[in-house]
Amino acid sequence: TPVASTDMFGTTTVAPGTTMQVTVAGLPDGTTVYFKVRMRDELAGNFGPFSAEVSTRTLRGVTVSSSATTVNVQYEAMYLAGAPTTLSVVVLSTTAAPASFALQVATAAGLTTVTPFFDLRPDSGTFQPSALAVFTYPPDSLLPAGTTETDLAVYRFDGVSWSSASVPILARDLAANTLTVSILQTSLWAVMGRDATPPVTRLVLVGESVEVVTEDP
């Protein structure tokens with residue numbers, strides 16, 4: 001059923017074979033939309049026949065911000081135990097479970113958090129196909145000491161450990177402070193880095209011997 005018909009290019013004159021582009025805004029999320037076009041000659045205003053019909057499905061999107069950090073998740077479909085469901089994102093306080101335990105695990109693994117923990121819900125939800133997630137982290141001047149921006153990665157917490165191995169980085173924009181990744185399931189997510197500050201080494205005189213002691217900075 002046609003819902004809109006718009007003259008997108010007005011009186012623009014183009015040569016045959018010219019590629020033209022137009023952005024259609026305001027489409028509803030999670031909806032299949034269909035397009036077909038036709039051209040009009042510049043003299044008599046006669047329209048040619050419609051093109052073949054093409055379709056696409058708009059993505060659903062969820063954006064959550066906290067201070068200087070943001071996560072935006074775009075997905076086509078999400079399922080829980082085989083049934084369609086929708087995504088919600090909650091920013092967790094690191095002083096309360098389960099984030100407090102997750103923070104302890106991250107610290108023990110030598111990871112430094114640079115964003116809050118974003119809890120993608122419901123638990124055990126899966127994206128089909130994979131979702132696109134864009135994480136915005138604080139500017140370099142606000143990163144923890146010893147953390148290098150180029151070493152940041154998006155980590156997923158599975159309830160036991162943090163890992164970035166299964167979180168491919170699709171784009172790293174140092175100017176915009178963003179990491180774009182592909183994700184397959186809901187979980188606890190955060191941008192983290194490893195402290196690159198070298199350890200402090202000192203010599204300790206013990207009796208007639210000298211001991212080398214290495215300490216974290």
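One can find the structure itself at the top, above this paragraph.
In this convention, every chain numbers its residues from 1, walking through the sequence in written order. Only residues with pLDDT of 70 or above have their local features reported here, since the model is predicted, and side-chain atom pairs are shown and tallied only from 80 upward, although totals for entire chains, interfaces and linings are computed over all residues. Where side-chain values are given, they derive from all heavy atoms of the structure, hydrogens and water being excluded.

Draft legend 1. The side chain of S182, seen in detail. Helix and strand assignments follow DSSP, with helices taken as H or I runs no shorter than four residues and strands as E runs no shorter than two, numbered in order from the N terminus. Position of S182 among the secondary structure elements: in strand β14 (residues 178-185). Exposure is judged per residue with a 1.4 Å probe applied to protein chains only, and the accessible area is read against the type maximum: over 50% gives exposed, under 20% gives buried, and values in between give partly exposed. For S182, a relative accessible area of 16% translates into the label buried. We call two N or O atoms a polar contact when they sit within 3.5 Å, provided that within protein one can donate a hydrogen and the other can accept it, with sequence-adjacent residues counted only if both atoms are side-chain atoms. A polar contact of 3.0 Å, which involves the side chain of S182, links it to the side chain of S130. In this analysis, two residues are considered to be in contact whenever any of their non-hydrogen atoms come within 4.5 Å of each other. In this structure, S182 is in contact with S130, A131, V167, P168 and L170, ignoring residues within four places of it in sequence.

Draft legend 2. Geometry of helix α1 (residues 99-108). Of all the positions in α1, only A99, A102, V105 and A106 are classed as buried. Around the axis of α1, the buried residues are gathered within 115° of arc, so they sit on the same side. Turned more than 90 degrees away from the buried face of α1, the exposed residues are Q104, T107 and A108. Where α1 is buried, its residues meet β7 (88-92), β8 (111-113), β9 (117-121), β11 (153-157), β12 (162-163) and β15 (188-194). Positioned one or two residues after α1, G110 has a phi angle of 80°, which is positive. Summarising the geometry, the arc corresponds to the directions from the helix axis toward the C-beta atoms.

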